[in-house]
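Descriptive structure summary
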Amino acid sequence: MNDDKKYKSLEKGDIENALNCASKIGDDYLQKKAQGYVVTESFTHGTAKQRYTWLKRGLEYGDLEHGDTFSVAASKL
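The shown structure was predicted, so the numbers you read here are calculated from the model rather than taken from an experiment. (Residues numbered from 1 in each chain as written. Predicted model: local features only at pLDDT ≥ 70, side-chain atom pairs only at ≥ 80, totals over all residues. Heavy atoms only, no water.)

The next subject is the overall build of the protein chain. When helices and strands are tallied, the protein chain shows four helices and zero strands. Taking the principal axes of its C-alpha atoms as reference, the protein chain extends roughly 45 × 30 × 15 Å. In the protein chain, which comprises 77 residues, the proportion classed as buried is 13%. Put simply, 32% of the contacts in the protein chain that link residues at least 6 apart link residues at least 24 apart. Accessible surface, the protein chain: about 6,400 Å² in total, of which carbon and sulfur atoms supply 54%. (Helix = DSSP H or I, 4+ residues; strand = E, 2+ residues; numbered from the N terminus. Buried < 20%, exposed > 50% of the residue type's maximum accessible area, 1.4 Å probe, protein only. Contact = heavy atoms within 4.5 Å. Areas by Shrake-Rupley, 256 points an atom, 1.4 Å probe, with all protein chains shown as cover.)

Structure, rendered in structure tokens:
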């Protein structure tokens, strides 16, 4: 059973806020804001797009099978 349906823990706008937050903590976004340019070789936690995409995927599927970033080719991250 979906925990949100059971506990009604999500409120209107929670998903959108989480996705927005995920994109704002991408290495590229943070570097651009802090220093004005991006150094892709120093990324450690993914780009804004990658973080957004994987959070959205996790919300959509809700299981580990669809969230295994270690078994996916780098080009698909």
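Having seen the model, we can carry on.
On the surface, a nonpolar cluster with roughly 240 Å² of combined accessible area is contributed by Leu 10, Ile 15 and Leu 59. Within the secondary structure layout, Leu 59 lies in helix H4 (residues 48–61). (Patch = residues over 30% accessible without salt bridge, like charges linked within 9 Å, V, L, I, M, F, W, Y side chains within 5 Å. Salt bridge = Lys/Arg side-chain N within 4 Å of Asp/Glu carboxyl O.)

The interhelical angle for the contact between helix H2 (residues 14–24) and H4, taken along N-to-C directions, is 150 degrees, at an axis separation of 7 Å. In terms of orientation, H2 and H4 fall into the roughly antiparallel class. Considering how the two elements wind past one another, H2 and H4 form a crossing that is right-handed. Counting all contacts with H2, which are made through Ile 15, Ala 18, Leu 19, Ala 22 and Ser 23, the residues of H4 involved are Ala 48, Arg 51, Tyr 52, Leu 55, Lys 56 and Leu 59. Along the lines of polarity and charge, the residues of the contact of H2 with H4 split into eight nonpolar, one polar and two charged. (Axes fitted to C-alpha atoms, helices over the stretch in contact; angles between N-to-C directions. Parallel < 35°, antiparallel > 145°, perpendicular 65-115°, else oblique. Left-handed = near helix turned anticlockwise from the far one by under 90°. Nonpolar A, V, L, I, M, F, W, Y, C, P; charged D, E, K, R; others polar.)

With that settled, consider the side chain of Gln 31. Tracing the backbone through its elements, the reader meets Gln 31 in helix H3 (residues 27–35). The contact partners of Gln 31, leaving out residues within four places of it in the chain, are Gly 36, Tyr 37, Val 38, Val 39, Ser 42 and Phe 43.

Because each turn of an α-helix spans 3.6 residues, side chains separated by three or four positions end up pointing in the same direction. Every buried residue of H2 is listed here: Leu 19, Ala 22 and Ser 23. Along the axis of H2, the buried positions cluster into a sector of 95 degrees, meaning they face one direction only. On its buried side, H2 packs onto H3 and H4. (Arc of directions from axis to C-beta.)

Once that is clear, we can look at the environment of Val 72. Counting through the fold element by element, Val 72 comes out in the segment after H4. Ignoring any residue separated from it by four or fewer positions in sequence, one finds Val 72 in contact with Trp 54 and Leu 77.

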